[in-house]
Amino acid sequence: MDKFDLAIGIGGAAGQGIATPGDILARIFVRRGLHLNAYNAYQSIIRGGHIFLTLRTSDRPVLSMGDKLDVLIPLNQDSMDRHLKLMRAGSAVLYNSDKIKPGAAADGVQLCPFSVKELAPNIKGDLVQNTIALGAILRLLGVEFKPLEDILTLQFKRKGEAVIAENVGVARAGYEYAAAHFKSFPFSLPNTGKRLAFLEGNQALAMGGAAAGVRFYCAYPMSPSTGVLHWMARHGRQLGIMVRQVEDEIGVINMAIGAAHAGCRAMCATSGGGFALMSEGLGSAAMMEIPVVCIDVQRAGPATGVPTKTEQGDLWQVIGAGQGDYPRIIVAPTTILDCFKTVPQLFNLVDKFQCPGIILSDLLLSEGRSSVDPSELDFNVPIDRGEVIGLNGDGPPGNGYQRYRLNESGISPRALPGTPGYVHVVATDEHDEDGVLISDEFTNPHKRQAIHEKRMRKMEGILSLLEPPEIFGSRHAEVTLVGWGSTQGVIREAIEKLAEEEGIVANHLQIKWLVPLHSEEIPALLSQSKKVIIVENNYSGQFARYLRSETSVVADGHVRKYDGEPFMPHHIVEGVKAILAGTSKKYVPVHEVMV
Amino acid sequence: MDKFDLAIGIGGAAGQGIATPGDILARIFVRRGLHLNAYNAYQSIIRGGHIFLTLRTSDRPVLSMGDKLDVLIPLNQDSMDRHLKLMRAGSAVLYNSDKIKPGAAADGVQLCPFSVKELAPNIKGDLVQNTIALGAILRLLGVEFKPLEDILTLQFKRKGEAVIAENVGVARAGYEYAAAHFKSFPFSLPNTGKRLAFLEGNQALAMGGAAAGVRFYCAYPMSPSTGVLHWMARHGRQLGIMVRQVEDEIGVINMAIGAAHAGCRAMCATSGGGFALMSEGLGSAAMMEIPVVCIDVQRAGPATGVPTKTEQGDLWQVIGAGQGDYPRIIVAPTTILDCFKTVPQLFNLVDKFQCPGIILSDLLLSEGRSSVDPSELDFNVPIDRGEVIGLNGDGPPGNGYQRYRLNESGISPRALPGTPGYVHVVATDEHDEDGVLISDEFTNPHKRQAIHEKRMRKMEGILSLLEPPEIFGSRHAEVTLVGWGSTQGVIREAIEKLAEEEGIVANHLQIKWLVPLHSEEIPALLSQSKKVIIVENNYSGQFARYLRSETSVVADGHVRKYDGEPFMPHHIVEGVKAILAGTSKKYVPVHEVMV
Amino acid sequence: MSLSMMETEAKSRSGAEAKAERPKLTVKDFKGKVDPDWCPGCGDFGVLAALKQALVELELQPHEVITISGIGCSSNLPGYINAYGMHTLHGRALAVATGAQLANHKLKVIVTGGDGDGYAIGGNHFLHTLRRNVDLTYLVMDNQIYGLTTGQISPTSIKGMKTKSTPFGSVENPINPIPLAIAGGATYVARGFTGQQKHLVEIIKGGIQHRGFALIDVFSPCVTYNHDNSHEFFKARVKRLEEMGHDPTDFHAAMDKAYLW
Amino acid sequence: MSLSMMETEAKSRSGAEAKAERPKLTVKDFKGKVDPDWCPGCGDFGVLAALKQALVELELQPHEVITISGIGCSSNLPGYINAYGMHTLHGRALAVATGAQLANHKLKVIVTGGDGDGYAIGGNHFLHTLRRNVDLTYLVMDNQIYGLTTGQISPTSIKGMKTKSTPFGSVENPINPIPLAIAGGATYVARGFTGQQKHLVEIIKGGIQHRGFALIDVFSPCVTYNHDNSHEFFKARVKRLEEMGHDPTDFHAAMDKAYLW
Ligand SMILES: Cc1ncc(C[n+]2csc(CCOP(=O)(O)OP(=O)(O)O)c2C)c(N)n1
Ligand SMILES: Cc1ncc(C[n+]2csc(CCOP(=O)(O)OP(=O)(O)O)c2C)c(N)n1
Ligand code: SF4
Ligand code: SF4
Ligand SMILES: [Mg+2]
Ligand SMILES: [Mg+2]
């Protein structure tokens, strides 16, 4: 049977309450076991402007927001004008004809006007149109009214019977009006029988922290990372996580380091600008050998940039963060579920190797939402705190304990302050095995060299524990698409499209673990490829340059986007075609819609 | 005639007044037209510890501190014990036999003990031994007493006749005692007839700022960059430069940006930790398109590291500084004189291209001292402020002026605040040609892409104006040594030694302009080389990795040092031998002396 | 709480200086390239209006003035007024403004920002600008919340306030910028309220005329994210010290009044 | 200037808690791994001695205490005392200490640093730690100079002071940390002088016993770079408020006394 794949777009101004119908539809879909991907294109504005929510659902995993819309619900004229031209035959457009006029629509596009005045004559406010549209769209999708009624009832429970009745009434009016006046879709919304969960990336990161046993979380609000703070603030209490909003990001990283040194797993999140302010602190954590995790949710830069738009533009900042060489781990989760799974993985590594760990997310991942199989959200993950003395009561007698004892692995057991017999000082100045400064009276180049090498030795140990990347797809592909982090889904979908629509066989290499990099394995894998195209969401090809610095691999072509909006599958398809056709080595797609 | 080459080492504890005799000797040397290089190995401590000043002079330019000592003046037992073992036949050791006992010296080392009690019975204080030694060493070098007398007289003028008489007397006592008891060197100190100047790197950077017409300088003290602040504070007044010490480095860079926007050439300096705090600000300068120059004087990292020791460890930090992609210029001067010349060069570029410029110096360069031909210190350098409206009074009528007008070069004329008719807003948020934010209500991916590309286009224009690097030395060398920034002198000297002592012909490629990089020219030059060895003062091969990221060039070997002390020529010689012999691909020399 | 104005080292500019005959302008002349996209009812509209009015009354021309802000809803102000402007990084406006003022003393530099921008991440520049006493006029649109980031506590949020980052109530004591500024050495400190335009215009004019640093903390309600400190809340509580017969040069009195809120 | 001690919300710990019978220690037991490399005569020796004495008198054991510092001569203190210690980044000690204290309330967290570390680059953490009122004892070795960087002005340097960064005299007004801390909401504020050990030991003990944030600003002369504020200079000027019959809970009086310097 052909794959079921439906995309609904709801557009309007900030303040028009787009979120609610979006959430309701999402809930109806996942309750039927349908997969879901939601991307909300919005702006750094509280009222007005233009917001456009793309909700895409399917009976198979949804990898990206896709390329086409099947249903458009414009809540104002602006949104109608921006999107109607994108609607193709077979699609439907639902709108309040009292206020919104359609322009010219393509053949086969079903215009579904309804009058709020008629259907809800004595209800005030703009929001009612959303509810009517909800009822109508469900009818077009051949869904019985019950699920909507249930959710509305639940939603307005606190507001009392009257409100429930009113909303259910309005929704039913829309439902029945659609039945009478609009042509339903030739298919009806499937129900796979199982139930899926529905997660935002930031929520997944926060839950990942909870799963990892984070006990201290602090942050300074910064879009698009603030969702992590909000989740932590809301759930920290019952989870036993201390949550603090701090005066600035410098305070954040240093407070997290203090908490981590005292024995807590400590985490913080920010975006590029805040990360810049944390860079000195991260180096100090590596020098004192204190494990801490920092999340950088990238947004379009430089500087303040475009706070509500996505980019993969901080890779070099994060790799270069802070003066001097020091051990650290940098990882870029590839899906929303992977956000959840990556956090405990990273904590086990930073605890074992006593160094900072950085998670590179971006707006697409962190503020995107996706369906997840609840069974995948495992909170009983293995926890490895590494060699810590005094974590569970006092340790063995610590005669002659040396905090920075030299050894093969570069890992010296750390003792928590408060533990009898292990008194020591950790320092951001260079120090000897005893933690005694060698920056002043006792300067000693040989000791400096030895302790610097000890710290850096950790990188080999870390690499040996990281899962090497693998090629996904046919070994005999004409081209390999290479991406990193959040672009995994859209690249996979582009590869499907290339095969289905263009007869081009491409395979895929997505990099998750960035530092240390599998600089042996990656070139080995790519040496099998006929052509290599690197796809990334920034101007300068930050990953392409980094990959080259570690492996000398030079890609045959690049697909890049840096206009603030994420890739859509067809952008990559066009790019690959252009590059394979030799018409371009670097393809930059144009984003069609003005969101 | 054989080259004259003499190195004097003076060692002791902080507070023993090593600087004075060093300065006096230096002055005597340069007044005779002798070249000079001085490196002071010291510690982050105010009293005690161990300081060792190496003063090397020659009738030809002195490229580094060299490998050997001809004269040792230990001011305490500690320094005697650390260094006597390094003295070779033909050298002399002068010391106060009242307090210091020599250990076993190699054959042919002349021990020159003198008794302060005898020579200056009724003078109190430790410093007198320095003056006696001064007199004695000059005698050994066959210099008449007069020059020393003149300098002492000048030096103590303010303190009055008595003090002058006392010091001159003591010096003469040492001079005569040496004549009577010590064997003079077989040569005597040449006098080339001309006079040379004597400059510290930080002083050269500050003077370069003055030459460039800097009008605003601000900083937060941080070793080893503080010398620039001290020079500016002392000379700013008469030069018309406003100088401010600010509360922190974030304040520094932002204050400099404010001054630059108002029309001043503005500069600041710091070290790695302070630079980390400035990174967000630098990106904002690029976004607002405001020219500003920041100097990062590198020291051994990570974190606080070793504040008084040298390293080339900030390259990746500086390249990655700040979120997102933005245009900037990064340059690493190669000599102390080049520090002076680079500042005006860089200001002309950042003014023309309206972006930040970063100078990468290091402790070796900034706190090292070298002789300079005064005629080279040209303060009448060409000044190009770029396209600035309102710099000299009001501009032409600015009808419809757009601050960020799109164009080929990426350079849009900037108007200074206060100019009638050019009112506009600059922003760290993404904006359109008019400076209107496109981060909120007017979000527009097409405008975002266009303005981002406009900014980045500047990089091509910049590269076209940078002098490409050149190979120094024989085209038919067995090996090319590649370095960057401060290591030029020591690499040159190592190449001489390789030829003279090992019969190995090496040539040299030193990179000064780092970003943008001559990624066409460099591989072309190196393709001529039989072997390539990269020499740098850090652990991870930051330049080697960067070079590879831009050119895919992979060196045949690496000589690296990261113990806080600079390379000595023989370190590089040994490294090259080991690598050519195939016994090692990465050679890390051991620093012999414990300074 | 109290609307106050305190000026030590009273060195106001002689109105004369500004009086060199120059085109008479109206608030329309200060209209910016775009209209504010603040929420309807946002207090910041009132600050913008009062600032324009003050500039008109001081007979300043757009090119003589530069407004410098950080990041926040309030910090968008420079985009909404016809004058030179800088929209710098979050928290850095005072540092940038100090540099601009030191580099060109002729500029009338007006710093416009929010309580988070100025007192949280910008706190250190605030602390040191107070004592540096550079000739800046600092307008803080104090809404006791982070607006642009959709509602978290700010340093002026009252203890117990429920926000997205403190769903169970803030556990921290707020700062009171007025006594802090006085103790920090500020030479002109005033508090205004968008609900009292005439007074607001007066203290802004006073601040611009004051030679040295002037802090003007304005209660500017955030109608979207701060329902604890609404327009009505302030209306009910604000007193005018001048009306209360307060002597602007009495330090102790100032300290007392400063704590009235 | 004045040596003072002011405690609002006086919630000192009952000595009892600490009294659970434990080995009697002496100052020798708190001797660090290495001897201080401070200049002979540096005031910081006096602070180190007083701190050790206070710990002994409070019957604390080395492993129960953690000293946390930034960077500076004074900030080297953690290396010179036998207790857990962190030598963090310049200016960041209070932030790190807050994290450590929140993560483990059992730790006695003592923050040790200089005037530059705490009031210049660390100013924002200082400002917000005051109101956060976390249980920290903050010992500032205030020598009105940057010692470790060989002599530049600090925020407490008097106007006109000649240093390497101000060869013609500082043009900026100093901050006075005492009134600033009071206005900022500190619940325990004291000023000590290394020349008065008994008093210094007392206020340190008071600070450690105080539940909440305690600021102890100690005049600790830099004999090498600050000849304006020498040991003699302070000796001649310091008064003891307690002796002057000062009521530690009177806010106004505190404010007055705070300005005595
Ligand atoms: C370094 C950095 N951290 C965080 C942010 C995110 N941010 C933007 S505005 C803001 C706070 C705004 O609050 P306020 O200054 O009170 O302005 P308001 O919106 O309330 O007017 C924050 C945290 C940022 N832009 N940069
Ligand atoms: C980010 C950063 N900026 C600057 C420095 C350099 N630095 C080290 S200590 C210090 C000031 C020391 O003054 P203070 O805190 O008063 O301590 P003191 O030496 O006087 O005891 C400075 C500027 C640094 N280590 N890190
Ligand atoms: S969110 Fe609050 S502060 Fe921001 S514009 Fe709306 S009302 Fe004003
Ligand atoms: S320089 Fe000053 S502060 Fe530093 S150790 Fe010496 S006397 Fe103490
Ligand atoms: Mg606010
Ligand atoms: Mg100090």
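For the structure itself, consult the block above.
Everything numeric here is computed off the predicted structure, so don't read it as measured data.

All right, on to the coordination of the magnesium ion (ligand 5) then. Residues and elements named next belong to chain C. Only Asp 115 (OD), Asn 143 (OD1) and Ile 145 (O) from the protein reach the magnesium ion (ligand 5) as donors, at distances of 2.0 to 2.2 Å. Ordering the donors of the magnesium ion (ligand 5) by residue number gives the pattern D-x27-N-x1-I. Residue Asn 143 is classed as buried on the basis of its relative accessible area of 10%. Judged by relative accessible area, which is 2%, Ile 145 ranks as buried.

We now examine the interface of chain D and chain A. Opposite the 32 residues of chain D that make contact, chain A presents 42 residues. Of the roughly 3000 Å² buried where chain D meets chain A, counting both sides, 64% is carbon and sulfur surface. Inspection of the region where chain D meets chain A yields two salt bridges. For Asp434(A), the salt bridge goes to Lys33(D), with nearest N and O atoms at 3.8 Å. At the boundary of chain D and chain A, one finds 13 residue pairs in polar contact (both at pLDDT 80 or more). Those elements giving two or more residues to the side of chain D that touches chain A turn out to be strand E4 (84-87), helix H3 (93-103) and helix H5 (123-132) of chain D. Taken together, the residues of the side of chain D that touches chain A sort by class into 16 nonpolar, 12 polar and four charged. Here strand E17 (residues 425-427) of chain A runs beside E4(D); their pairing, made up of three bridges, is parallel. By the bridge assignment, Val426(A) is partnered in E4(D) with Met86(D).

Taken together, 25 residues sit near ligand 2, with Glu249(B), Cys73(D), Ser74(D), Asp115(D) and Asp117(D) positioned nearest. At the site occupied by ligand 2, the surrounding residues belong to chains A, B and D. Within the contact set of ligand 2, a nitrogen atom lies 2.5 Å away from a side-chain nitrogen or oxygen of Glu249(B). Contacts to ligand 2 include Leu148(D), whose backbone N or O atom sits 2.9 Å from an oxygen atom. Summarising the interface, the protein chains cover 98% of the accessible area of ligand 2, which totals 600 Å² for the free molecule. Those elements giving two or more residues to the shell around ligand 2 turn out to be helix H10 (272-288) of chain B together with helix H4 (115-120) of chain D.

Our focus in this paragraph is the sheet that holds strand E19 (residues 479-484) of chain B. Ordered in space as E18-E20-E19-E22-E23-E24 (chain B), the six strands form an open sheet in which the pairing is mixed. Taken across any chain shown, the strands that pair with only one partner, and hence form the sheet edges, are strand E18 (471-472) and strand E24 (586-587) of chain B.

All names here are of chain B. Spatial strand order, E6-E5-E4-E1-E3-E2-E14-E7: eight strands in an open sheet with mixed pairing. Lying at the two open borders of the sheet, with one neighbouring strand each, are strand E6 (110-114) and strand E7 (197-200). Direction aside, the axes of adjacent strands within the sheet are offset by 15° on average. Relative to strand E14 (residues 369-372), strand E2 (residues 35-41) is paired through two bridges, and the arrangement is antiparallel. Each residue of the ladder has a partner; that of Ala 38, found in E14, is Arg 369.

Residues and elements named next belong to chain D. Every second residue of E4 is oriented toward a common face, with Tyr 84 and Met 86 on one face and Gly 85 and His 87 on the other, all of them buried. Alignment of strand E3 (residues 65-69) against E4, held across four bridges, turns out to be parallel. Counted as the bridge partner of Ile 68 is Met 86 from E4.

This part takes up the interface of chain A and chain B. On the chain B side, the residues contacting the 75 residues of chain A number 75 residues. Our count for the chain A to chain B interface comes out at two salt bridges. As a salt-bridge pair, Arg448(B) and Glu311(A) come within 2.6 Å of each other at their nearest N and O atoms. At the boundary of chain A and chain B, one finds 36 residue pairs in polar contact (both at pLDDT 80 or more). When residues of the side of chain A that touches chain B are traced back to their parent elements, those giving at least two are helix H10 (272-288), helix H11 (315-320), helix H14 (445-465) and helix H17 (542-551) of chain A. Residue contributions to the side of chain A that touches chain B peak at nine residues, all from H10(A). By residue class, the composition of the side of chain A that touches chain B is 25 nonpolar, 33 polar and 17 charged.

Criteria and thresholds
Residues numbered from 1 in each chain as written. Chains lettered and ligands numbered in written order. Predicted model: local features only at pLDDT ≥ 70, side-chain atom pairs only at ≥ 80, totals over all residues. Heavy atoms only, no water. Donors = N, O, S within 2.8 Å, 3.2 Å for Na, K, Ca; no water. Buried < 20%, exposed > 50% of the residue type's maximum accessible area, 1.4 Å probe, protein only. Contact = heavy atoms within 4.5 Å. Buried area = accessible area lost by both parts, 1.4 Å probe. Salt bridge = Lys/Arg side-chain N within 4 Å of Asp/Glu carboxyl O. Polar contact = N/O pair within 3.5 Å; in protein donor to acceptor, adjacent residues only side chain to side chain. Helix = DSSP H or I, 4+ residues; strand = E, 2+ residues; numbered from the N terminus. Nonpolar A, V, L, I, M, F, W, Y, C, P; charged D, E, K, R; others polar. Pairing = 2+ DSSP bridges. Near = heavy atom within 4 Å. Areas by Shrake-Rupley, 256 points an atom, 1.4 Å probe, with all protein chains shown as cover. Axes fitted to C-alpha atoms, helices over the stretch in contact; angles between N-to-C directions.

So yeah, pure geometry; function would need other evidence.
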